[in-house]
Amino acid sequence: AATLFGTLTSIAVTAVISSLLWYLLNEFSLRRFVSMNVQDIVKWLLVIGVFAGAFLAISALVRGWIFGMAIYLAVFVLVTGTALKSEVISFLNLFSCSNSLMQEIDPFHRLR
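Everything numeric here is computed off the predicted structure, so don't read it as measured data. (Residues numbered from 1 in each chain as written. Predicted model: local features only at pLDDT ≥ 70, side-chain atom pairs only at ≥ 80, totals over all residues. Heavy atoms only, no water.)

*Asks:* I would appreciate a short explanation of the packing of helix H1 (residues 8-30) against helix H2 (residues 38-61) in the present structure.
*Replies:* Each pair of packed helices gets described by two things: the angle between the helix axes and the distance between those axes. Where H1 contacts H2, the axes come no closer than 10 Å and their chain directions differ by 155°. The angle between H1 and H2 places the two elements in the roughly antiparallel class. Both H1 and H2 take part in a crossing whose hand is right-handed. Residues Tyr23, Leu24, Glu27 and Phe28 of H1 lie in contact with H2, whose contacting residues are Val38, Ile41, Trp44, Leu45 and Ile48. Within the contact of H1 with H2, the residues separate by chemical class into eight nonpolar, no polar and one charged. (Axes fitted to C-alpha atoms, helices over the stretch in contact; angles between N-to-C directions. Helix = DSSP H or I, 4+ residues; strand = E, 2+ residues; numbered from the N terminus. Parallel < 35°, antiparallel > 145°, perpendicular 65-115°, else oblique. Left-handed = near helix turned anticlockwise from the far one by under 90°. Contact = heavy atoms within 4.5 Å. Nonpolar A, V, L, I, M, F, W, Y, C, P; charged D, E, K, R; others polar.)

Below, the structure written as structure tokens:
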């Protein structure tokens, strides 16, 4: 891309396209090992697309980086909380399990 077009934008576009192709090839080739159906893959692609689109839109529209970060964080929490609710619950259960395991190993770990 750099030798053909000679711009940094062409390099960035090529990197995004190659990353997307790598992701899609991995998802479709590994889905039988992780028992993921096509609907789950499409859901994850939509979530990633929403995150990328929100980032691009917010970075283009909002001038201050602090406000942009706050808006993106709100979008992230909203999308993650609605589209990935079961994954968030499983993730939070990991912390509750590790906390109870830590109490069994060292009952005074919270007092430190």
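Structure's up, so let's keep going.
*Asks:* Would you mind going over H1 with me for this structure?
*Replies:* For an α-helix, 3.6 residues make a turn, and residues three or four places apart therefore share a direction. Between its first and last C-alpha atoms H1 spans 33 Å; for 23 residues at 1.5 Å apiece the expected length is 33 Å, and the two agree. Those residues of H1 that fall on the buried side of the exposure criterion are Ser10, Tyr23 and Glu27. Check the buried side of H1 and you find it contacts H2. (Expected span 1.5 Å × (residues − 1). Buried < 20%, exposed > 50% of the residue type's maximum accessible area, 1.4 Å probe, protein only.)

*Asks:* Would you mind going over the pattern of salt bridges with me for this structure?
*Replies:* A side chain of one charge can pair with a side chain of the opposite charge if their charged atoms are brought near each other. In total, this model carries one salt bridge according to the counting rule given. Salt-bridge contacts for Glu87 lead to Lys43; the nearest nitrogen and oxygen are separated by 3.2 Å. With Glu87 in helix H4 (residues 85-105) and Lys43 in helix H2, the pair connects residues that are 44 residues apart, well separated along the chain. The class of Glu87 is partly exposed, set by a relative accessible area of 28%. (Salt bridge = Lys/Arg side-chain N within 4 Å of Asp/Glu carboxyl O.)

*Asks:* Looking at this structure, how should I read the layout of surface pockets?
*Replies:* The rolling of a water-molecule-sized probe over the atoms marks out the regions of remaining empty space. Empty space within the largest pocket amounts to approximately 160 Å³. Lining the largest pocket we find Val16, Ser19, Leu20, Tyr23, Leu45, Ile48 and Gly49. Within the residue set of the lining of the largest pocket, elements represented by two or more residues are H1 and H2. Classifying every residue of the lining of the largest pocket by side-chain character gives five nonpolar, two polar and no charged. (1 Å grid on protein atoms, 1.4 Å probe; cavity = no way out; pocket = protein on both sides within 12 Å on 5 of 7 lines; lining within 4 Å. Points joined across faces, edges and corners; volume = space filled by probe spheres on them.)

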